[in-house]
Amino acid sequence: MDKIKLEIIGLSYSQTQSGAYALVLGEVNGRRRLPIIIGGFEAQAIAIEIEKMTPSRPLTHDLFKSFADTFDITIEEILIYNLVDGIFFAKLICNDDGRIVEIDARTSDAIAIAVRFNCPIYTYEFILSSAGIIIEGNDFAFLENMDSDSKDIGSKEKESPISYSTFSDEELKEKLHQALDDEAYEKAAKIRDEISRRKSS
């Protein structure tokens, strides 16, 4: 499968999950966005490195980099390779003196490591197609995997205090437009999931 390169677009406090953050990855040279919900610790670890701040003591991801550097292990790339029931799966592609090794990791940890090693982040088309959001001017489009049976990825309302199921289709479209205008990608993803659920039912 062809890989698609991603870059970090933004990191913001989640509007729907207390203590969580929305990490937004964007397709390089493209308009698609991939929102991923991560925990506060991982968000802090990513933000600290992006802002080039130095903590008083090394964080876990800093320790990982120091360990890898000490033993001449490099991280070639991060690959977000699967999406199951709203959960993203990632792995580190490591180079140990010419020997390529793949290590499974939480996506948030993988991204925190990627910013420290300055290594590229990739995913597959089917993941962007099923969970991505595309923005074109003031309009929007859903990126659905045409080969799937339109499973409602990550649309479990128990994760959100807002039940979008109570809104009409037109209200959902208006809220989606507003969320995209505000660049609230995590909220937009929730609304997208509700509309996708209705289409598949």
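Residues numbered from 1 in each chain as written. Predicted model: local features only at pLDDT ≥ 70, side-chain atom pairs only at ≥ 80, totals over all residues. Heavy atoms only, no water.

K.L.:
So what exactly am I meant to see when it comes to the overall build of the protein here?
P.N.:
Secondary structure summary: the protein contains 6 helices and 9 strands in total. When the 201 residues of the protein are sorted by exposure, 45% land in the buried category. In the protein, 55% of the contacts between residues at least 6 apart in sequence involve partners at least 24 apart. Total accessible area computed for the protein in this model is approximately 11100 Å², and 48% of it derives from carbon and sulfur atoms. (Helix = DSSP H or I, 4+ residues; strand = E, 2+ residues; numbered from the N terminus. Buried < 20%, exposed > 50% of the residue type's maximum accessible area, 1.4 Å probe, protein only. Contact = heavy atoms within 4.5 Å. Areas by Shrake-Rupley, 256 points an atom, 1.4 Å probe, with all protein chains shown as cover.)

K.L.:
When you look at unusual backbone geometry in this model, what are you seeing that I'm missing?
P.N.:
Excluding glycine, a negative phi dihedral is what most residues carry, and trans is how most peptide bonds are arranged. Within the chain, Lys-52 stands out as a residue other than glycine whose phi angle is a positive 55°. Relative to the assigned elements, Lys-52 resides in the loop between α1 (40-50) and α2 (60-70). A positive phi angle, near 55°, is found at Asp-72, a position not held by glycine. Inspection of the secondary structure puts Asp-72 in the loop between α2 and β4 (73-84).

K.L.:
Mind showing me how you'd approach the nonpolar core here?
P.N.:
Of all hydrophobic cores here, the largest spans 33 residues; its most connected members are Leu-25, Leu-34, Ile-75, Ile-78, Ile-80, Phe-88 and Leu-92. Contributing elements (two or more residues each) for this core: β1 (3-13), β2 (20-27), β3 (32-39), α1, β4, β5 (87-96), α3 (107-117) and α4 (125-131). The biggest single contributor to this core is α3, with 6 residues. Core analysis: the second largest hydrophobic core is formed by 9 residues, Ile-133, Ala-179, Ile-191 and Ile-195 among them. (Core = buried A, V, L, I, M, F, W, Y, C linked by side-chain atoms within 4.5 Å.)

K.L.:
I would appreciate a short explanation of the packing of aromatic side chains in the present structure.
P.N.:
Working definition: an aromatic ring pair is given by the centre-to-centre distance plus the angle between the planes. As enumerated under the stated definition, the model contains 4 aromatic pairs in all. Ring geometry for Tyr-81 and Phe-89: centres 6.3 Å apart, planes at 55°, overall tilted. Tyr-81 gets classed as partly exposed once you look at its relative accessible area, which sits at 24%. A relative accessible area of 30% places Phe-89 in the partly exposed class. Ring centres of Tyr-124 and Phe-126 lie 6.3 Å apart, and the angle between their planes is 20°; this geometry places the pair in the stacked category. Here Phe-126 falls in the partly exposed class, since its relative accessible area comes to 27%. Cation over ring: Lys-3 sits above Tyr-122, and NZ or CZ is 4.9 Å from the ring centre. The ring of Phe-117 is capped by Lys-65, whose NZ or CZ atom sits 5.2 Å from the centre of that ring. (Phe/Tyr/Trp six-rings, centres within 6.5 Å; stacked < 30°, edge-to-face > 60°. Lys NZ or Arg CZ within 6 Å of the ring centre and 35° of its normal.)

K.L.:
Just to check I follow, could you spell out the packing of α1 against α3 for this structure?
P.N.:
Angle between the axes and distance between the axes are the two parameters that describe a pair of packed helices. Where α1 contacts α3, the axes come no closer than 9 Å and their chain directions differ by 15°. With respect to α3, the axis of α1 lies roughly parallel. Crossing hand, α1 versus α3: left-handed. The residues of α3 that touch α1, namely those facing Glu-42, Ala-45, Ile-46, Glu-49 and Ile-50, are Ser-108, Asp-109, Ile-111, Ala-112, Val-115 and Arg-116. (Axes fitted to C-alpha atoms, helices over the stretch in contact; angles between N-to-C directions. Parallel < 35°, antiparallel > 145°, perpendicular 65-115°, else oblique. Left-handed = near helix turned anticlockwise from the far one by under 90°.)

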